[in-house]
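Chain residues, written in single-letter form:
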Amino acid sequence: MLQDGIIEPAATALGGATFAADAAAAAGKISTKQGGKLELLYQKVAIGSGKEANNPWLQEMPDPITRATWDNYACISNTLAKTFHEELGDDYEINADRKVLTIKANGKEVKLPLLIVPGIHPETIAIAVGYGRGDAKLIGKAAGNIGKNAYPFVSFNGQTFDYFAADATATATGDKYPVGLTQTHNSYEGRPIVKETTLAEFVANPKEVNADRAKLHHYGEDFAHDATMYKDVHMVPGNGVKWGMSIDLNTCFGCGACTIACQAENNVSVVGKEQVIKAHEMHWLRIDRYFAGDVDNPEVVFQPMLCQHCDNAPCENVCPVAATNHSSEGINQMAYNRCIGTRYCANNCPYKVRRFNWRDWNGADSFEHNLYDVADMNDSLTRMVLNPDVVVRARGTMEKCSFCVQRLQDAKLTAKKQVVRLKMVKRKQLVNRLVLLTLSSSVT
Amino acid sequence: MNFSIYGCKKFVVGSFDDEAVLFPAVKKVRAAGYKLHDVYTPFPVHGLDHAMGLRETSLHTAGFVYGLTGTTTALSVMGWVFTTDWPMNIGGKPHFPLPAFIPITFELTVLFAAVGMVLTFCYLCQLAPFVKNTFSTRVRQTICLSWRSK
Amino acid sequence: MHLKYESTLREPLVDGVKDYHQVTEDIISPIEAKPGKLWYIGFFISLVLLGFGAFSVFWEVYFGTGVWNLNKTIGWGYDITNFVWWVGIGHAGTLISAILLLFRQGWRTGVNRAAEAMTIFAVMCAGQFPIFHMGRVWMGFFILPYPNTRGPVWVNFNSPLLWDVFAISTYFTVSLLFWYSGLIPDFATVRDRAKTKLRKLLYGVASFGWTGSTKHWQRHEALSLVLAGLSTPLVLSVHTIVSFDFATSVIPGWHTTIFPPYFVAGAIFSGFAMVNTLLIITRKILGLEDYITIGHIEAMNKVIVLTGSVVGVAYLTELFMAWYGANPYEFDTFYKYRAAGPLGWSYWIMMSCNVISPQVFWFSKMRRNIMVTFVMSIIVNIGMWFERFVIICTSLYRDYLPSSWGYYRPSWPEVGFYVGTFGLFFTCFFLFAKYFPVIAVAEIKSVLKTTGKSYKEKMGKYEAQDVDAFAHDQAHH
């Protein structure tokens, strides 16, 4: 049957009741029609029916499952891909060029690049609607000339629209077409990056989750202390405000709204498809998506990834100009106009959350005619969307999550004005209190 | 020995084409009580300085002092910057992380020693880009035993 | 009193019948003659390459580092690979001029001038990469610790990249001083021989008014010895510090304590190969076969097989430690993504060029074969380029979080920049070969009587003499 992970976004977008009926009907048709493939049309989380197609933020927001941007494509399983001599592996990962398929259904046809999505049913092809809106001059720079229109496949069955076709065929054209993915490797390779367990297992044996850490006790009980040759002179508890952020990984289902919220708040630039293919995207906050288990029937895990503000941050040591250093509040901070762009900090970041301004995305450098703007993000009207509390970064500088330091400052000032005494009782309580203050101040 | 008398009254200039001939000449001239002003050679002739009775150069000592200056400069500047002028939390390191200062301290020691010695060498020998100290001009000014550069 | 001579068993370092005058003639006369056709062709090609490099750099500086194919995962690629490669090449020059001087290796005199020149030009090329890899090169002066009114704002003395700034600039300065102080007496020789006014003026300026006074020679000798003494730890420190860029980081495949000795050995390895490449061409074109003999080339090939094997042991040690160290990330880096994986091919180019092929130099016949040496010298440098590529890229492209794993292929401005540094290097080298004494005249003269072929032959009679007769003869000399 279809995987939950694939249907869910579509179900959300199309409206539950109608779609549930469609899925049941589709399932019925598969069993009757042998040989043909089920073509399923869905709406991408960001673009929806296509009404968001002119929003460059949303075009560049990676799809929760495929991690693809700026395009629609034919999602197929690894098994089906093999019939087109394509499969998941190193070659598939390191090349952005995807084989183009001709998909025919309901007497219509469209040519779209294939994208392998583990877990999709081998006889199913899924295509997002809302693309292929026509020329940029007519529809707008962001939506123009992107993807192919899949709406012609929609049929009317007398009562409602069918967003599927059960007699679809796919043939390889021999052409290739690049698709911009922000994540190409799908497995976490058994590394203790994401740990999965069920509640029952956790309750039964709570220590099992961190069993791998117990092995490290061989090298010393207090790893934070024993692993360094230096004394911890900076992070003294009780010595002022210390910030932290917690993310509930049980709750996260990878929608990507935080990515866009962060982008809007922090003036994160849109780079366009060409640059996404070059892995130059700028998102400070991304959602890593891993498939675990069997390639045909995997588990999907999401993990929001942003600057961890490490206490002993490896990025800080290596910056030759001290453009990145630690605040007394525990924030790993960037002085953008001090940065000369050696990219050493990004190399040395174990989380790879630092983002480099590879081109002049926003006109912040003084070179003429080198602006790299894919979607009219820099005319004087659209620049009104920029957050005045956050600086726009120039080409050649490194940037990254700041824990929304502008909001932290605001919260501190609010607290000060309200004469809230910040009792330095315990770091944990303090953090909680200030997080609440931040939230309230942004609401009021 | 092909001594040749130059135009100058008081001085004797000799020209030699091999150090094997030069050495005995230097010894004999000195033994005869002449004051030997200098010997010009196109390559370093080992032992000639001793034969002429020159004292050892103390350029090495100068180099050592310059090196120590470099060490002190490096450590004190880095220490002052990180502990007094601009103390920062960089990767959680202490303000005076001595191991991290070693490379620059070493490099500055070498740099100060080398640059200092070369400048001192140039000063002592009066060497500079537009100094016109060619062999012939020198010879007119001074007394010398010389070995023509071929 | 002049019976200091080398055993006749040792190969002469200067072939043919030479006196002091002949040495001067042989080495200085190419400077006074018009360069040949080959020189013009070579120089022109170098200028074209240099121009292309300059255009590539302009393209990158104007439009941004994004015209390169580096990305969020692989922040360094061709740029730093080339930097380390060129710095490594530079090391042989200092090694020959400094360490071999301290070890009293007479054979260095034939090759040290050109090798030092190579050092300086290689370091110049190397320096371009850290400069232009900066995203905001026009703000590059931020990297210098100068007093300012911005705060004050200082540099980060903890950063290996800052150590690099100090190491490379010190290395360049000291190498330049060492090289130039050796050149001064030879420039004076050119000046003293000069027939044209312009040549007299220019070499007069360049020779700083050197006279050859014994006191000056005494100081010069002292200076050379101390500079050699300083350069020896310096050259070891430079590649050590370059290796710290990687060794002090947290990336699996970079974070390795073996790096300093391994980098230094690799640097000497590639540097000697480059010296061989250059000298085989130079001795042929300038007709200096009597001074850069097969013996010199063989000596360098011995160093190549030694350092190549040291590097090979280092590679195997890394592999062993990746397994023995029981760090799963490091194990993956070495066994899954370096020796195999999408960039695995580069590892095997490195292995075959650096470890396997230099083993031919265990055979004397191969060491003394000019053609084999020339081909090997190029293979070694290809291998050493890939070593740096392997270290930098195969560590970065698959590090901790698989979500960020990527791939890297250079773009044309990256390749253009690299090609451009060849242009810079050879432009400098052609000018050097034409206008500078490519062999240290004064130094050759000071070893001529002990190691020159014609002089050694004269010593044959003493070798044959029995001890008593020899002592008797000498007593009455």
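Residues numbered from 1 in each chain as written. Chains lettered and ligands numbered in written order. Predicted model: local features only at pLDDT ≥ 70, side-chain atom pairs only at ≥ 80, totals over all residues. Heavy atoms only, no water.

A. Seen up close, the overall build of chain A. Looking only at helices and strands, one finds 15 helices and 16 strands in chain A. Across the 444 residues that make up chain A, the buried fraction comes to 50%. Sequence separation of 24 or more characterises 71% of the internal contacts of chain A that already satisfy a separation of 6 or more. Within the structure as shown, chain A displays about 21,000 Å² of accessible surface, and the carbon and sulfur contribution to it stands at 55%. (Helix = DSSP H or I, 4+ residues; strand = E, 2+ residues; numbered from the N terminus. Buried < 20%, exposed > 50% of the residue type's maximum accessible area, 1.4 Å probe, protein only. Contact = heavy atoms within 4.5 Å. Areas by Shrake-Rupley, 256 points an atom, 1.4 Å probe, with all protein chains shown as cover.)

B. Structural context of the interface of chain B and chain C. Each partner contributes to the interface: chain B provides 62 residues, whereas chain C provides 53 residues. Taken together, both faces of the contact between chain B and chain C bury some 5,400 Å²; the carbon and sulfur share is 71%. Connecting chain B to chain C are zero salt bridges. Here chain B and chain C share 16 residue pairs in polar contact (both at pLDDT 80 or more) between them. If you tally residues by element for the side of chain B that touches chain C, the top one is helix α4 (residues 98-124) of chain B, at 17 residues. (Buried area = accessible area lost by both parts, 1.4 Å probe. Salt bridge = Lys/Arg side-chain N within 4 Å of Asp/Glu carboxyl O. Polar contact = N/O pair within 3.5 Å; in protein donor to acceptor, adjacent residues only side chain to side chain.)

C. Layout of the sheet that holds strand β1 (residues 37-42) of chain A. Residue and element names in this part refer to chain A. Spatially, the six strands close up into a barrel ordered β1-β6-β3-β5-β4-β9, and their pairing is mixed. For this sheet, the mean angle separating the axes of adjacent strands, direction not counted, is 40°. Two strands pair when backbone bridges link them, and strand β4 (residues 97-105) and strand β5 (residues 108-116) are joined in this way by six bridges, in the antiparallel orientation. Directly across from T102, in β5, lies its bridge partner K111. (Pairing = 2+ DSSP bridges. Axes fitted to C-alpha atoms, helices over the stretch in contact; angles between N-to-C directions.)

D. Geometry of the pairing of strand β11 (residues 286-292) of chain A. All names here are of chain A. Among the seven residues in β11, seven count as buried, and that is most of the element. Residues R286, D288, Y290 and A292 line one face of β11 and the alternating positions I287, R289 and F291 line the opposite face, and both faces are buried. Where β11 folds back on strand β12 (residues 299-305), the antiparallel hairpin that results is connected by six residues, among which G293 adopts a positive phi of roughly 90°.

E. Region of interest: helix α3 (residues 59-85) of chain B. Across its 27 residues, α3(B) extends 36 Å between first and last C-alpha, which sits within 8% of the 39 Å expected from 1.5 Å per residue. Those residues of α3(B) lying buried are B:L59, B:G63, B:G67, B:G70, B:A74, B:M78, B:G79, B:V81 and B:F82. (Expected span 1.5 Å × (residues − 1).)

F. Highlighting the pattern of salt bridges. For the structure shown, the criterion picks out 23 salt bridges over all chains. We note a salt bridge from A:E109 to A:K104, for which the minimum N-O separation is 3.9 Å. Two residues, A:E281 and C:K72, come together in a salt bridge whose shortest N-O distance is 2.5 Å. Pair noted here: A:E281 is in the loop between α11 (273-277) and β11 and C:K72 is in the loop between α2 (37-63) and α3 (78-102), and the two residues belong to different chains.

G. Here's a closer look at the environment of A:P192. Residues and elements named next belong to chain A. Looking at where P192 falls in the secondary structure, it is placed in the loop between β10 (180-181) and α7 (199-204). By relative accessible area, P192 is classed as partly exposed at 43%. P192 sits 20 residues away from D212 along the chain, and the two C-alpha atoms are 8.0 Å apart.

H. Spatial organisation of the packing of aromatic side chains. Across all of its chains, the model carries 77 aromatic pairs over all chains by this definition. Between the aromatic rings of C:F259 and C:Y262, the centroid separation amounts to 5.5 Å while the plane-to-plane angle is 75°, which identifies the pairing as edge-to-face. With C:F259 and C:Y262 both in helix α8 (residues 259-285) and three residues apart, this pair spans about one turn of that helix. Summarising the burial analysis for this pair, C:F259 and C:Y262 share the class buried. Looking at A:R393, its charged tip hangs above the ring of A:Y336, at a distance of 5.5 Å from the centre. (Phe/Tyr/Trp six-rings, centres within 6.5 Å; stacked < 30°, edge-to-face > 60°. Lys NZ or Arg CZ within 6 Å of the ring centre and 35° of its normal.)

I. How the structure looks around the interface of chain C and chain A. In this complex, chain C contributes 60 residues to the contact, which on the side of chain A involves 56 residues. Taken over both partners, the interface formed by chain C and chain A buries close to 4,800 Å², and the fraction arising from carbon and sulfur atoms is 53%. Linking chain C with chain A are six salt bridges. Scanning the region where chain C abuts chain A turns up 47 residue pairs in polar contact (both at pLDDT 80 or more). Elements supplying a minimum of two residues to the side of chain C that touches chain A: α2, α5 (160-193), α7 (214-247) and α10 (328-338) of chain C. The dominant element in the side of chain C that touches chain A, judged by the number of residues it contributes, is α2(C), at four residues.

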